[in-house]
Amino acid sequence: MTGAKRPPVQAKVVQKDRMFHPHVLILPTGSSVNFPNRDNTQHHVYSFSPAKPFNLELYAGQPEAPVLFDQPGIVELGCNIHDHMQAFIVLADTRAIGQTDEQGEVTLALDFGVAQIPSTLSLNIWHPRLPDNTRPVVREIRSTALTNATIETINIELVPETRHENPMDHLQKRFREL
């Protein structure tokens, strides 16, 4: 495979309407993330995840420096002020990473020479609603499915989505309507 890893990037997780945007961010290991606050209230962003524990204490605007995510894994984000706020950063140390679209489909670009194609490939699949969302589910696929241009369907079990009312409390809703 040409290049074992994707190069790091600069990314953003924005706080707006007392929510993180995007809810899931997939990045190559070594990437940096800024956490701009676009709300009219302060946030306290943190993670206790083994892949990257960090703490951005109460702030408005933008923290001074981005956070470097230098280990692969799943990083769950929270806000110490607004408990309902949750997001995830998935860090991968492989070349082929991707995120599904609204139909649940993803296309991964694999850069193998014909002589280098392994007989099976391991796919690490992650979703915030996996029964254990602290690690990916691993599925093996045969490389013949890749060389024959076959679409490989992989099913995973998810827990039901919990329904939340609008995360803004009634007082903030009234304030925004003025």
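Residues numbered from 1 in each chain as written. Predicted model: local features only at pLDDT ≥ 70, side-chain atom pairs only at ≥ 80, totals over all residues. Heavy atoms only, no water.

S.K.: Give a description of the side chain of H43 that names residues and reports values.
M.R.: Residue placement: H43 occurs in strand β6 (residues 43-47). H43 sits in the buried class, given a relative accessible area of 0%. Side chain to side chain, H43 and H82 meet in a polar contact 3.2 Å long. Beyond its immediate stretch of four places on either side in the chain, H43 contacts Q15, R18, N37, L56, E57, L58, Y59, C79, H82 and M85. (Helix = DSSP H or I, 4+ residues; strand = E, 2+ residues; numbered from the N terminus. Buried < 20%, exposed > 50% of the residue type's maximum accessible area, 1.4 Å probe, protein only. Polar contact = N/O pair within 3.5 Å; in protein donor to acceptor, adjacent residues only side chain to side chain. Contact = heavy atoms within 4.5 Å.)

S.K.: Describe the sheet that holds strand β5 (residues 31-34), with residues and values.
M.R.: Here we have three strands laid out as an open sheet, ordered β1-β5-β8, and mixed in their pairing. Of all the strands in the sheet, the pair left with one neighbour each is β1 (10-12) and β8 (67-69). For this sheet, the mean angle separating the axes of adjacent strands, direction not counted, is 35°. The sheet contact formed by β5 and β8 spans three bridges and is antiparallel. For V33, the partnering residue across the bridge sits in β8 and is V67. (Pairing = 2+ DSSP bridges. Axes fitted to C-alpha atoms, helices over the stretch in contact; angles between N-to-C directions.)

S.K.: Could you give me a rundown of the environment of R18, with the residues and numbers involved?
M.R.: Relative to the helices and strands, R18 resides in the loop between β2 (14-16) and β3 (19-21). When its relative accessible area of 9% is taken as the criterion, R18 is described as buried. A sequence separation of 63 residues divides R18 from I81, and the C-alpha atoms of the two residues are 9.9 Å apart.

S.K.: An account of the nonpolar core is requested, with residue identities and associated values reported.
M.R.: In this structure, V33, F35, F54, F69, L77 and I89 are the most contacted members of the largest nonpolar core, which totals 21 residues. When contributions to this core are tallied by element, the ones reaching two or more residues are β4 (24-28), β7 (54-59), β8, β9 (73-79) and β10 (86-92). Look past the residues within four positions of V33 in its chain and what remains in contact with it is A11, K12, V13, L25, L27, P66, V67, F69 and I89. (Core = buried A, V, L, I, M, F, W, Y, C linked by side-chain atoms within 4.5 Å.)

S.K.: Pulling in residues and values, what's your account of the environment of G78?
M.R.: Turning to its location among the elements, G78 is positioned in strand β9. On a C-alpha basis, the gap between G78 and F88 in space is 8.9 Å, while along the polypeptide they are 10 residues apart. Those residues in contact with G78, other than ones at most four positions away along the chain, are F20, H44, V45, Y46 and M85.

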